[in-house]
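In case you want the letters, here they are:
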Amino acid sequence: MSTIGTTGLKLYNTLTRSKDDFVPIDPAAVRMYVCGPTVYDFAHIGNARPIIVFDVLYRLLRHLYGAAAVTYVRNVTDVDDKINKRAFDSGITIRQLTDGTLEQFHKDIDALGALRPDVEPRATDHIDEMRQIIDRLVAAGVAYVAEDHVLFEVAAMARLPGVPKYGALSRRSLDDMIAGSRVEVAPYKRDAMDFVLWKPSTEAHEPGWPSPAGIAQPGRPGWHIECSAMSWKHLVAAFGGRLKCEPADALSFDIHGGGIDLAFPHHENENAQSCCAFGVERMASVWMHNGFLQVEGAKMSKSLGNFTTIREVLDEWDGEVARLNMLRTHYRQPIDWTVSGLEESARILDDWYRAAGDADPTTPAPEFVEALADDLNTAKAISVLHELKSGDAGVFKASAALLGLLPRTATARANARNAESGVDPAEIEALIAARIAARTARDWAESDRIRDELVARGITIMDGKDASGQLITKWEIRG
RNA sequence: GGCCUCGUGGCGGAGUGGUUACGCAGCGGACUGCAAAUCCGUGUACUCCGGUUCGAAUCCGGACGAGGCCUCCA
(Lines give C-alpha, C1' and ligand atoms only; values in the text may rest on other atoms or scores of the structure.)
Protein backbone atom coordinates (compact mmCIF):
# COMPACT_ATOMS: atom_id res chain seq x y z
CA MET A 1 0.00 0.00 0.00
CA SER A 2 2.96 2.33 0.44
CA THR A 3 3.47 5.12 -2.01
CA ILE A 4 6.86 5.49 -3.61
CA GLY A 5 8.92 8.22 -2.02
CA THR A 6 6.82 8.46 1.11
CA THR A 7 6.30 6.39 4.21
CA GLY A 8 2.67 5.78 3.27
CA LEU A 9 1.47 8.19 5.94
CA LYS A 10 -1.66 10.08 5.01
CA LEU A 11 -3.05 12.91 7.12
CA TYR A 12 -6.25 14.89 6.83
CA ASN A 13 -5.30 18.51 6.31
CA THR A 14 -7.77 21.19 7.37
CA LEU A 15 -6.07 23.51 4.89
CA THR A 16 -6.96 21.33 1.86
CA ARG A 17 -9.96 19.56 3.41
CA SER A 18 -8.62 16.27 2.16
CA LYS A 19 -6.52 13.35 3.24
CA ASP A 20 -3.14 13.85 1.62
CA ASP A 21 0.16 11.96 1.48
CA PHE A 22 2.40 13.38 4.17
CA VAL A 23 5.54 14.81 2.59
CA PRO A 24 7.88 16.35 5.17
CA ILE A 25 9.79 19.45 4.20
CA ASP A 26 12.95 17.61 5.26
CA PRO A 27 12.49 13.94 6.24
CA ALA A 28 15.56 14.23 8.43
CA ALA A 29 13.84 16.94 10.49
CA VAL A 30 10.12 16.34 10.84
CA ARG A 31 8.66 19.18 12.91
CA MET A 32 5.32 19.32 14.74
CA TYR A 33 3.73 22.03 16.87
CA VAL A 34 0.67 21.47 19.03
CA CYS A 35 -1.25 24.08 20.98
CA GLY A 36 -0.93 23.11 24.63
CA PRO A 37 -2.81 24.06 27.76
CA THR A 38 -3.58 27.40 29.30
CA VAL A 39 -2.43 26.66 32.83
CA TYR A 40 -4.85 28.35 35.19
CA ASP A 41 -6.82 25.37 36.52
CA PHE A 42 -7.12 21.59 36.39
CA ALA A 43 -7.21 20.34 32.82
CA HIS A 44 -10.50 18.70 31.81
CA ILE A 45 -10.94 15.46 29.95
CA GLY A 46 -11.46 17.33 26.69
CA ASN A 47 -8.00 18.84 27.08
CA ALA A 48 -6.63 15.32 27.25
CA ARG A 49 -7.74 14.48 23.73
CA PRO A 50 -5.18 16.47 21.72
CA ILE A 51 -2.51 15.40 24.21
CA ILE A 52 -3.24 11.73 23.52
CA VAL A 53 -3.98 12.07 19.81
CA PHE A 54 -0.81 13.96 18.98
CA ASP A 55 1.18 11.72 21.28
CA VAL A 56 0.16 8.83 19.03
CA LEU A 57 1.16 10.84 15.98
CA TYR A 58 4.50 11.63 17.64
CA ARG A 59 5.09 7.93 18.30
CA LEU A 60 4.14 7.06 14.74
CA LEU A 61 6.40 9.74 13.23
CA ARG A 62 9.30 8.51 15.36
CA HIS A 63 8.62 4.99 14.15
CA LEU A 64 8.47 6.03 10.49
CA TYR A 65 11.27 8.61 10.37
CA GLY A 66 13.43 7.64 13.34
CA ALA A 67 13.25 9.14 16.82
CA ALA A 68 16.12 11.54 16.17
CA ALA A 69 14.43 12.99 13.10
CA VAL A 70 11.27 14.19 14.85
CA THR A 71 10.85 17.36 16.89
CA TYR A 72 7.63 17.86 18.82
CA VAL A 73 6.90 21.24 20.38
CA ARG A 74 3.88 21.77 22.61
CA ASN A 75 3.54 25.18 24.17
CA VAL A 76 2.28 26.24 27.56
CA THR A 77 0.16 29.36 27.69
CA ASP A 78 1.13 30.93 30.99
CA VAL A 79 -0.20 34.45 30.53
CA ASP A 80 -3.77 35.41 29.74
CA ASP A 81 -6.56 37.30 31.43
CA LYS A 82 -7.92 34.30 33.33
CA ILE A 83 -4.46 33.58 34.70
CA ASN A 84 -3.85 37.20 35.55
CA LYS A 85 -7.11 37.53 37.43
CA ARG A 86 -6.81 34.28 39.33
CA ALA A 87 -3.23 34.98 40.39
CA PHE A 88 -4.12 38.47 41.52
CA ASP A 89 -7.14 37.24 43.47
CA SER A 90 -4.97 34.64 45.20
CA GLY A 91 -2.26 37.14 45.97
CA ILE A 92 0.44 35.25 44.07
CA THR A 93 2.40 35.94 40.90
CA ILE A 94 1.27 34.47 37.62
CA ARG A 95 4.47 32.42 37.61
CA GLN A 96 3.60 30.88 40.95
CA LEU A 97 0.11 30.05 39.73
CA THR A 98 1.23 28.65 36.41
CA ASP A 99 4.13 26.65 37.88
CA GLY A 100 1.72 24.89 40.21
CA THR A 101 -0.88 24.26 37.54
CA LEU A 102 1.72 23.03 35.08
CA GLU A 103 3.04 20.55 37.62
CA GLN A 104 -0.47 19.15 38.05
CA PHE A 105 -0.93 19.03 34.29
CA HIS A 106 2.27 17.02 33.92
CA LYS A 107 1.11 14.54 36.56
CA ASP A 108 -2.18 14.11 34.74
CA ILE A 109 -0.77 13.52 31.29
CA ASP A 110 2.07 11.33 32.54
CA ALA A 111 -0.63 9.08 33.97
CA LEU A 112 -2.26 9.05 30.54
CA GLY A 113 0.98 7.67 29.12
CA ALA A 114 1.85 10.69 26.99
CA LEU A 115 5.51 11.18 26.10
CA ARG A 116 6.89 14.60 26.92
CA PRO A 117 7.41 16.77 23.85
CA ASP A 118 10.98 17.63 22.87
CA VAL A 119 10.35 21.24 23.76
CA GLU A 120 7.63 22.64 26.00
CA PRO A 121 8.09 26.40 25.68
CA ARG A 122 6.26 28.89 27.87
CA ALA A 123 4.80 32.08 26.51
CA THR A 124 6.34 34.32 29.14
CA ASP A 125 9.80 33.05 28.19
CA HIS A 126 9.27 34.27 24.62
CA ILE A 127 8.20 37.88 24.98
CA ASP A 128 11.29 38.99 23.02
CA GLU A 129 10.39 36.82 20.05
CA MET A 130 6.82 38.12 20.16
CA ARG A 131 8.05 41.69 20.07
CA GLN A 132 10.29 40.89 17.12
CA ILE A 133 7.41 39.43 15.15
CA ILE A 134 5.14 42.33 16.03
CA ASP A 135 7.78 44.80 14.89
CA ARG A 136 8.12 42.90 11.62
CA LEU A 137 4.35 43.05 11.11
CA VAL A 138 4.30 46.79 11.73
CA ALA A 139 7.20 47.22 9.30
CA ALA A 140 5.40 45.12 6.70
CA GLY A 141 2.39 47.41 6.93
CA VAL A 142 -0.09 44.82 8.24
CA ALA A 143 -0.13 45.98 11.86
CA TYR A 144 -0.74 49.37 13.44
CA VAL A 145 -0.50 51.05 16.81
CA ALA A 146 -3.62 52.51 18.40
CA GLU A 147 -3.97 53.68 21.99
CA ASP A 148 -0.96 51.63 23.09
CA HIS A 149 -2.36 48.51 21.41
CA VAL A 150 -0.85 46.86 18.39
CA LEU A 151 -3.47 45.47 16.04
CA PHE A 152 -3.21 43.16 13.06
CA GLU A 153 -4.97 44.74 10.11
CA VAL A 154 -6.75 41.91 8.36
CA ALA A 155 -7.63 43.93 5.26
CA ALA A 156 -3.97 44.92 4.77
CA MET A 157 -3.00 41.29 4.39
CA ALA A 158 -4.53 41.24 0.91
CA ARG A 159 -2.01 43.86 -0.20
CA LEU A 160 1.00 41.81 0.83
CA PRO A 161 2.39 39.59 -1.95
CA GLY A 162 3.21 35.93 -1.36
CA VAL A 163 0.95 35.39 1.64
CA PRO A 164 -2.35 33.48 1.77
CA LYS A 165 -5.76 35.08 1.87
CA TYR A 166 -7.11 35.69 5.34
CA GLY A 167 -9.72 33.01 6.00
CA ALA A 168 -8.10 30.39 3.79
CA LEU A 169 -7.55 27.94 6.65
CA SER A 170 -10.98 28.15 8.24
CA ARG A 171 -12.73 28.62 4.87
CA ARG A 172 -14.37 31.85 5.79
CA SER A 173 -14.62 34.86 3.59
CA LEU A 174 -14.24 38.27 5.11
CA ASP A 175 -17.72 39.17 3.88
CA ASP A 176 -19.28 36.23 5.73
CA MET A 177 -17.43 37.07 8.88
CA ILE A 178 -18.48 40.67 8.83
CA ALA A 179 -22.08 39.71 8.03
CA GLY A 180 -22.37 37.33 10.97
CA SER A 181 -20.00 39.18 13.19
CA ARG A 182 -20.50 39.26 16.90
CA VAL A 183 -17.06 40.70 17.48
CA GLU A 184 -16.96 43.56 19.87
CA VAL A 185 -15.82 46.60 17.98
CA ALA A 186 -13.30 48.44 20.09
CA PRO A 187 -13.12 52.12 19.14
CA TYR A 188 -9.40 51.96 18.41
CA LYS A 189 -9.80 49.25 15.76
CA ARG A 190 -9.73 50.32 12.12
CA ASP A 191 -11.94 47.36 11.33
CA ALA A 192 -14.03 44.95 13.40
CA MET A 193 -12.01 41.96 12.19
CA ASP A 194 -8.66 43.35 13.29
CA PHE A 195 -7.24 41.44 16.22
CA VAL A 196 -4.91 42.32 19.06
CA LEU A 197 -1.20 41.48 18.90
CA TRP A 198 -0.27 43.45 21.99
CA LYS A 199 -2.22 45.34 24.60
CA PRO A 200 -1.28 47.78 27.34
CA SER A 201 -1.14 46.70 30.97
CA THR A 202 -2.65 49.41 33.13
CA GLU A 203 -4.41 47.57 35.96
CA ALA A 204 -2.65 46.28 39.05
CA HIS A 205 -3.47 42.65 38.25
CA GLU A 206 -2.09 42.84 34.74
CA PRO A 207 1.53 41.76 34.30
CA GLY A 208 3.52 43.91 31.92
CA TRP A 209 6.60 43.71 29.73
CA PRO A 210 8.36 46.37 27.61
CA SER A 211 6.21 46.99 24.56
CA PRO A 212 7.11 46.70 20.86
CA ALA A 213 6.49 49.26 18.13
CA GLY A 214 7.85 52.17 20.17
CA ILE A 215 5.05 52.07 22.74
CA ALA A 216 6.18 53.49 26.09
CA GLN A 217 3.46 51.88 28.20
CA PRO A 218 4.33 48.32 29.33
CA GLY A 219 2.02 45.69 27.92
CA ARG A 220 1.25 42.02 27.41
CA PRO A 221 0.73 39.82 24.38
CA GLY A 222 -2.53 39.05 22.62
CA TRP A 223 -3.58 35.43 22.47
CA HIS A 224 -2.32 34.32 19.07
CA ILE A 225 1.13 35.86 18.89
CA GLU A 226 2.76 33.42 21.30
CA CYS A 227 2.33 30.45 18.97
CA SER A 228 3.81 32.35 16.05
CA ALA A 229 6.77 33.29 18.25
CA MET A 230 7.39 29.89 19.81
CA SER A 231 6.95 27.82 16.68
CA TRP A 232 9.28 30.19 14.85
CA LYS A 233 11.96 29.97 17.53
CA HIS A 234 11.88 26.23 18.13
CA LEU A 235 10.88 24.82 14.76
CA VAL A 236 12.23 27.36 12.27
CA ALA A 237 15.03 29.49 13.71
CA ALA A 238 16.45 26.51 15.63
CA PHE A 239 16.86 24.66 12.32
CA GLY A 240 18.24 27.66 10.40
CA GLY A 241 20.54 26.55 7.59
CA ARG A 242 20.29 22.89 8.56
CA LEU A 243 17.29 21.90 6.49
CA LYS A 244 17.60 20.21 3.15
CA CYS A 245 14.85 22.01 1.24
CA GLU A 246 14.02 25.07 -0.82
CA PRO A 247 14.95 28.27 1.06
CA ALA A 248 11.35 29.47 1.11
CA ASP A 249 10.20 26.20 2.70
CA ALA A 250 12.74 26.54 5.50
CA LEU A 251 10.52 29.24 7.02
CA SER A 252 7.65 26.87 7.72
CA PHE A 253 7.26 23.56 9.50
CA ASP A 254 5.37 20.32 8.88
CA ILE A 255 2.43 19.79 11.22
CA HIS A 256 0.37 22.14 13.35
CA GLY A 257 -2.23 20.58 15.61
CA GLY A 258 -4.89 21.40 18.15
CA GLY A 259 -8.60 21.18 18.92
CA ILE A 260 -11.11 21.94 16.19
CA ASP A 261 -12.29 25.00 18.07
CA LEU A 262 -8.86 26.53 17.52
CA ALA A 263 -9.16 26.52 13.74
CA PHE A 264 -10.87 29.87 13.99
CA PRO A 265 -9.84 32.36 15.09
CA HIS A 266 -6.66 31.10 16.77
CA HIS A 267 -4.98 29.19 13.95
CA GLU A 268 -6.27 31.50 11.26
CA ASN A 269 -4.66 34.41 13.09
CA GLU A 270 -1.44 32.58 13.90
CA ASN A 271 -1.15 31.71 10.24
CA ALA A 272 -1.79 35.31 9.23
CA GLN A 273 0.85 36.59 11.65
CA SER A 274 3.54 34.09 10.75
CA CYS A 275 2.98 34.31 7.00
CA CYS A 276 3.04 38.10 7.00
CA ALA A 277 6.02 38.34 9.33
CA PHE A 278 8.14 36.02 7.22
CA GLY A 279 6.59 36.49 3.78
CA VAL A 280 5.62 32.86 3.30
CA GLU A 281 2.70 31.02 1.76
CA ARG A 282 2.03 28.91 4.84
CA MET A 283 3.08 28.67 8.45
CA ALA A 284 2.78 24.89 8.42
CA SER A 285 2.12 22.32 5.70
CA VAL A 286 -0.48 20.22 7.48
CA TRP A 287 -3.08 21.52 9.92
CA MET A 288 -4.73 18.88 12.05
CA HIS A 289 -7.70 19.32 14.35
CA ASN A 290 -9.17 16.84 16.80
CA GLY A 291 -12.92 16.65 17.40
CA PHE A 292 -14.76 17.50 20.59
CA LEU A 293 -15.91 15.40 23.46
CA GLN A 294 -19.24 15.14 25.22
CA VAL A 295 -19.90 13.65 28.65
CA GLU A 296 -22.76 11.12 28.91
CA GLY A 297 -24.38 12.57 25.82
CA ALA A 298 -24.28 16.18 26.94
CA LYS A 299 -22.03 19.08 26.14
CA MET A 300 -19.50 19.53 28.90
CA SER A 301 -20.19 22.69 30.81
CA LYS A 302 -19.84 24.02 34.30
CA SER A 303 -23.54 24.86 34.53
CA LEU A 304 -24.53 21.24 33.80
CA GLY A 305 -22.12 20.09 36.47
CA ASN A 306 -20.49 17.59 34.13
CA PHE A 307 -17.21 19.41 33.79
CA THR A 308 -14.95 16.40 34.20
CA THR A 309 -11.29 16.97 34.99
CA ILE A 310 -8.53 14.55 34.05
CA ARG A 311 -7.83 14.27 37.75
CA GLU A 312 -11.35 13.04 38.48
CA VAL A 313 -11.12 10.44 35.74
CA LEU A 314 -7.78 9.23 37.11
CA ASP A 315 -9.24 8.95 40.61
CA GLU A 316 -11.61 6.29 39.31
CA TRP A 317 -9.75 4.74 36.40
CA ASP A 318 -6.33 3.61 35.35
CA GLY A 319 -4.80 6.23 33.04
CA GLU A 320 -4.28 3.52 30.46
CA VAL A 321 -8.02 2.77 30.47
CA ALA A 322 -8.73 6.45 29.81
CA ARG A 323 -6.18 6.44 27.03
CA LEU A 324 -7.65 3.40 25.31
CA ASN A 325 -11.12 4.88 25.71
CA MET A 326 -9.96 8.01 23.93
CA LEU A 327 -8.32 6.11 21.07
CA ARG A 328 -11.27 3.84 20.33
CA THR A 329 -12.74 6.72 18.35
CA HIS A 330 -11.07 8.30 15.33
CA TYR A 331 -9.58 11.63 16.37
CA ARG A 332 -11.76 13.75 14.08
CA GLN A 333 -15.01 12.19 15.27
CA PRO A 334 -16.85 13.40 18.34
CA ILE A 335 -16.53 11.19 21.43
CA ASP A 336 -19.26 10.60 23.94
CA TRP A 337 -17.28 10.05 27.15
CA THR A 338 -19.26 7.59 29.26
CA VAL A 339 -18.79 5.30 32.23
CA SER A 340 -19.99 2.32 30.20
CA GLY A 341 -17.35 3.15 27.59
CA LEU A 342 -14.66 3.22 30.25
CA GLU A 343 -15.90 -0.11 31.62
CA GLU A 344 -15.62 -1.66 28.19
CA SER A 345 -12.14 -0.21 27.74
CA ALA A 346 -11.09 -1.67 31.07
CA ARG A 347 -12.36 -5.12 30.06
CA ILE A 348 -10.48 -4.95 26.78
CA LEU A 349 -7.28 -3.94 28.52
CA ASP A 350 -7.54 -6.79 31.03
CA ASP A 351 -7.98 -9.16 28.13
CA TRP A 352 -4.99 -7.72 26.28
CA TYR A 353 -2.69 -7.88 29.28
CA ARG A 354 -3.63 -11.52 29.79
CA ALA A 355 -2.71 -12.20 26.17
CA ALA A 356 0.49 -10.14 26.21
CA GLY A 357 1.81 -11.57 29.47
CA ASP A 358 5.35 -10.51 30.22
CA ALA A 359 6.62 -10.62 26.65
CA ASP A 360 9.06 -7.96 25.44
CA PRO A 361 7.94 -5.85 22.48
CA THR A 362 9.62 -6.68 19.18
CA THR A 363 8.36 -5.15 15.92
CA PRO A 364 4.91 -3.74 15.18
CA ALA A 365 2.82 -5.60 12.59
CA PRO A 366 2.78 -4.01 9.11
CA GLU A 367 -1.02 -4.10 8.89
CA PHE A 368 -1.17 -2.30 12.21
CA VAL A 369 1.20 0.46 11.09
CA GLU A 370 -0.77 0.72 7.87
CA ALA A 371 -3.99 1.34 9.79
CA LEU A 372 -2.36 4.03 11.90
CA ALA A 373 -0.72 5.62 8.87
CA ASP A 374 -4.17 6.10 7.36
CA ASP A 375 -4.83 9.43 9.04
CA LEU A 376 -4.30 7.97 12.50
CA ASN A 377 -7.11 5.46 12.22
CA THR A 378 -6.79 4.29 15.80
CA ALA A 379 -10.18 2.54 15.77
CA LYS A 380 -9.04 0.41 12.85
CA ALA A 381 -5.67 -0.11 14.49
CA ILE A 382 -7.39 -1.35 17.64
CA SER A 383 -9.37 -3.86 15.61
CA VAL A 384 -6.07 -5.10 14.15
CA LEU A 385 -4.79 -5.38 17.70
CA HIS A 386 -7.69 -7.70 18.52
CA GLU A 387 -6.46 -9.98 15.73
CA LEU A 388 -2.83 -9.72 16.79
CA LYS A 389 -3.78 -10.63 20.35
CA SER A 390 -3.78 -14.34 19.62
CA GLY A 391 -0.54 -14.21 17.62
CA ASP A 392 3.05 -13.40 18.57
CA ALA A 393 3.06 -11.56 21.90
CA GLY A 394 6.13 -9.48 21.03
CA VAL A 395 4.52 -8.18 17.84
CA PHE A 396 1.28 -7.57 19.71
CA LYS A 397 3.06 -5.52 22.37
CA ALA A 398 5.19 -3.56 19.91
CA SER A 399 2.06 -2.67 17.95
CA ALA A 400 0.20 -1.59 21.06
CA ALA A 401 3.22 0.48 22.05
CA LEU A 402 2.67 2.74 19.03
CA LEU A 403 -0.63 3.65 20.67
CA GLY A 404 1.15 4.06 23.99
CA LEU A 405 -0.66 1.00 25.33
CA LEU A 406 0.60 -2.09 27.21
CA PRO A 407 3.78 -0.37 28.41
CA ARG A 408 4.11 -2.71 31.39
CA THR A 409 4.38 -6.44 31.83
CA ALA A 410 1.23 -8.17 32.99
CA THR A 411 3.05 -9.08 36.19
CA ALA A 412 4.08 -5.51 36.92
CA ARG A 413 0.53 -4.35 36.27
CA ALA A 414 -0.95 -7.02 38.52
CA ASN A 415 1.52 -6.18 41.30
CA ALA A 416 0.74 -2.49 41.04
CA ARG A 417 -2.95 -3.24 41.13
CA ASN A 418 -2.60 -5.48 44.17
CA ALA A 419 -0.64 -2.81 45.98
CA GLU A 420 -3.24 -0.17 45.12
CA SER A 421 -6.17 -2.30 46.20
CA GLY A 422 -4.69 -3.03 49.63
CA VAL A 423 -5.30 -6.73 49.12
CA ASP A 424 -2.79 -8.95 50.93
CA PRO A 425 -1.62 -11.54 48.37
CA ALA A 426 -0.64 -13.99 51.12
CA GLU A 427 -4.16 -13.87 52.49
CA ILE A 428 -5.64 -14.55 49.06
CA GLU A 429 -3.21 -17.42 48.50
CA ALA A 430 -4.26 -18.89 51.85
CA LEU A 431 -7.94 -18.72 50.92
CA ILE A 432 -7.22 -20.31 47.58
CA ALA A 433 -5.24 -23.11 49.23
CA ALA A 434 -8.13 -23.70 51.63
CA ARG A 435 -10.53 -23.81 48.71
CA ILE A 436 -8.39 -26.34 46.85
CA ALA A 437 -8.30 -28.45 49.98
CA ALA A 438 -12.08 -28.27 50.23
CA ARG A 439 -12.48 -29.18 46.58
CA THR A 440 -10.12 -32.10 46.98
CA ALA A 441 -12.23 -33.24 49.93
CA ARG A 442 -15.36 -32.73 47.76
CA ASP A 443 -16.66 -30.27 50.35
CA TRP A 444 -18.52 -28.18 47.80
CA ALA A 445 -20.31 -26.00 50.35
CA GLU A 446 -17.03 -24.83 51.84
CA SER A 447 -15.37 -24.47 48.43
CA ASP A 448 -18.25 -22.31 47.18
CA ARG A 449 -18.26 -20.24 50.34
CA ILE A 450 -14.60 -19.35 49.85
CA ARG A 451 -15.18 -18.64 46.18
CA ASP A 452 -18.03 -16.26 46.97
CA GLU A 453 -15.86 -14.48 49.49
CA LEU A 454 -13.07 -13.99 46.95
CA VAL A 455 -15.49 -12.71 44.31
CA ALA A 456 -17.03 -10.33 46.84
CA ARG A 457 -13.56 -8.89 47.38
CA GLY A 458 -13.16 -8.17 43.68
CA ILE A 459 -10.91 -11.12 42.94
CA THR A 460 -11.28 -12.96 39.66
CA ILE A 461 -10.26 -16.59 40.03
CA MET A 462 -9.15 -18.83 37.22
CA ASP A 463 -9.27 -22.54 37.96
CA GLY A 464 -7.23 -25.07 36.08
CA LYS A 465 -4.97 -28.06 36.38
CA ASP A 466 -1.23 -28.20 36.09
CA ALA A 467 0.68 -30.63 33.91
CA SER A 468 0.41 -33.41 36.49
CA GLY A 469 -3.31 -32.96 36.92
CA GLN A 470 -3.15 -31.13 40.24
CA LEU A 471 -5.79 -28.45 40.86
CA ILE A 472 -4.36 -24.95 40.61
CA THR A 473 -6.05 -21.55 40.82
CA LYS A 474 -4.69 -18.29 39.47
CA TRP A 475 -6.22 -15.00 40.53
CA GLU A 476 -6.15 -11.34 39.68
CA ILE A 477 -7.87 -8.09 40.47
CA ARG A 478 -9.72 -6.62 37.53
CA GLY A 479 -10.44 -3.08 37.11
C1' G B 1 -28.54 34.51 10.83
C1' G B 2 -23.54 32.82 8.29
C1' C B 3 -19.98 28.75 7.86
C1' C B 4 -18.53 23.58 8.94
C1' U B 5 -18.80 18.37 10.51
C1' C B 6 -21.61 14.12 11.38
C1' G B 7 -26.10 10.35 11.44
C1' U B 8 -24.01 2.29 10.79
C1' G B 9 -26.85 -3.69 14.56
C1' G B 10 -28.62 -3.53 22.27
C1' C B 11 -23.95 -0.45 22.90
C1' G B 12 -19.01 1.27 21.06
C1' G B 13 -17.02 1.77 16.27
C1' A B 14 -14.27 0.95 11.11
C1' G B 15 -14.86 0.35 5.99
C1' U B 16 -16.49 -0.28 0.95
C1' G B 17 -20.46 1.12 -5.48
C1' G B 18 -21.96 -5.55 -5.84
C1' U B 19 -18.73 -10.55 -1.02
C1' U B 20 -17.97 -11.58 7.36
C1' A B 21 -15.55 -5.52 9.86
C1' C B 22 -13.99 -5.71 14.68
C1' G B 23 -14.97 -5.20 19.95
C1' C B 24 -18.40 -5.21 24.34
C1' A B 25 -22.91 -7.13 25.96
C1' G B 26 -26.56 -11.20 24.79
C1' C B 27 -27.48 -16.25 23.31
C1' G B 28 -25.73 -21.56 22.30
C1' G B 29 -21.74 -25.12 23.00
C1' A B 30 -16.98 -27.07 25.12
C1' C B 31 -14.51 -27.12 29.81
C1' U B 32 -16.13 -27.35 35.38
C1' G B 33 -18.65 -30.90 41.12
C1' C B 34 -21.37 -26.07 40.03
C1' A B 35 -19.32 -21.63 38.59
C1' A B 36 -15.64 -18.19 37.06
C1' A B 37 -11.72 -17.59 33.61
C1' U B 38 -10.70 -19.43 28.69
C1' C B 39 -11.93 -21.43 23.85
C1' C B 40 -15.58 -22.35 19.75
C1' G B 41 -20.13 -20.85 17.43
C1' U B 42 -24.14 -17.21 16.67
C1' G B 43 -28.45 -13.15 15.68
C1' U B 44 -29.62 -8.14 14.82
C1' A B 45 -27.26 -2.49 10.72
C1' C B 46 -26.21 1.16 7.60
C1' U B 47 -31.98 8.24 9.91
C1' C B 48 -35.88 9.29 6.12
C1' C B 49 -37.34 10.71 0.94
C1' G B 50 -35.93 11.30 -4.05
C1' G B 51 -32.04 10.81 -8.06
C1' U B 52 -27.63 8.54 -10.80
C1' U B 53 -26.47 3.20 -11.71
C1' C B 54 -27.23 -3.39 -14.07
C1' G B 55 -26.56 -2.68 -8.72
C1' A B 56 -25.95 2.26 -3.16
C1' A B 57 -25.59 1.67 3.38
C1' U B 58 -21.32 3.53 0.07
C1' C B 59 -22.09 8.88 -5.26
C1' C B 60 -25.69 13.39 -5.89
C1' G B 61 -29.98 16.39 -4.05
C1' G B 62 -33.55 17.30 -0.24
C1' A B 63 -35.76 16.52 4.70
C1' C B 64 -35.15 15.49 9.76
C1' G B 65 -31.78 14.98 13.83
C1' A B 66 -26.96 15.76 16.55
C1' G B 67 -22.50 18.55 17.31
C1' G B 68 -18.87 22.55 16.40
C1' C B 69 -17.12 27.64 15.02
C1' C B 70 -18.52 32.85 14.29
C1' U B 71 -17.79 34.86 22.09
C1' C B 72 -9.10 34.44 23.81
C1' C B 73 -13.32 27.06 25.08
C1' A B 74 -9.05 21.14 23.31
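Before going into details, it helps to say that this report is about the structure given with it. (Residues numbered from 1 in each chain as written. Chains lettered and ligands numbered in written order. Predicted model: local features only at pLDDT ≥ 70, side-chain atom pairs only at ≥ 80, totals over all residues. Heavy atoms only, no water.)

Examining the sheet that holds strand β13 (residues 335-337)
Hydrogen bonding along the main chain pairs the strands of a sheet, whether they run parallel or antiparallel. Inclusion rule: The criterion for strand pairing is that DSSP finds at least two bridges linking the strands in question. Only DSSP runs of H or I covering at least 4 residues are called helices, and only runs of E covering at least 2 are called strands; the numbering of each starts at the N terminus.
Ordered in space as β12-β11-β13, the three strands form an open sheet in which the pairing is mixed. Two strands lie at the open edges of the sheet, namely β12 (298-299) and β13, each paired on one side alone. Examined bridge by bridge, strand β11 (residues 293-295) and β13 share three bridges and lie parallel to one another. Each residue of the ladder has a partner; that of Gln 294, found in β13, is Asp 336.

So, empty space enclosed by the protein
We apply this condition: Grid spacing is 1 Å over the protein atoms alone, the probe is 1.4 Å, and a cavity is where that probe fits but cannot get out, while a pocket is an open set with protein on both sides within 12 Å along at least five of seven lines and lining residues have an atom within 4 Å of a point. Grid points are joined across faces, edges and corners, and a volume is the space filled by probe spheres set on the points. By the convention adopted, Pro, Cys, Tyr, Trp, Phe, Met, Ile, Leu, Val and Ala count as nonpolar, Lys, Arg, Asp and Glu as charged, and the other residues, Gly among them, as polar.
Scanning the model with the defined rule gives two cavities of 30 Å³ or more in all. The calculated volume of the largest cavity comes to roughly 60 Å³. Counting only elements with at least two residues in the lining of the largest cavity, the list comes to α6 (225-236) and α7 (263-278). Sorting elements by how many residues they give to the lining of the largest cavity places α6 first, with three residues. Tallied by class, residues from the lining of the largest cavity come to seven nonpolar, three polar and no charged. Approximately 30 Å³ is the volume attributed to the second largest cavity. As for the second largest cavity, its lining consists of Val 53, Val 56, Met 326, Leu 327, Thr 329, Tyr 331, Leu 376 and Thr 378. Of all elements in the fold, only α1 (45-65) and α9 (319-327) reach the threshold of two or more residues within the lining of the second largest cavity. Tallied by class, residues from the lining of the second largest cavity come to six nonpolar, two polar and no charged.

Structural notes on the nonpolar core
Note the threshold: Residues enter a nonpolar core if they are buried and are Ala, Val, Leu, Ile, Met, Phe, Trp, Tyr or Cys, with the set joined through side-chain atoms within 4.5 Å. Only protein chains enter the accessibility calculation, which uses a 1.4 Å probe; a residue is then buried when its area is under 20% of its type maximum, exposed when over 50%, and partly exposed in between. Where each domain starts and ends follows an automatic or database-derived domain assignment.
Judged by nonpolar contacts, the single largest core of 73 residues is most densely connected at Leu 61, Trp 337, Trp 352 and Phe 368. A per-element tally of this core places α1 first, with 12 residues. In terms of domain composition, this core takes at least three residues from each of domain 1 (10-290) and domain 2 (313-412). Membership of the second largest hydrophobic core comes to 53 residues, among which are Leu 137, Ala 277, Phe 278 and Trp 287.

Any functional reading would require information beyond the geometric quantities listed.
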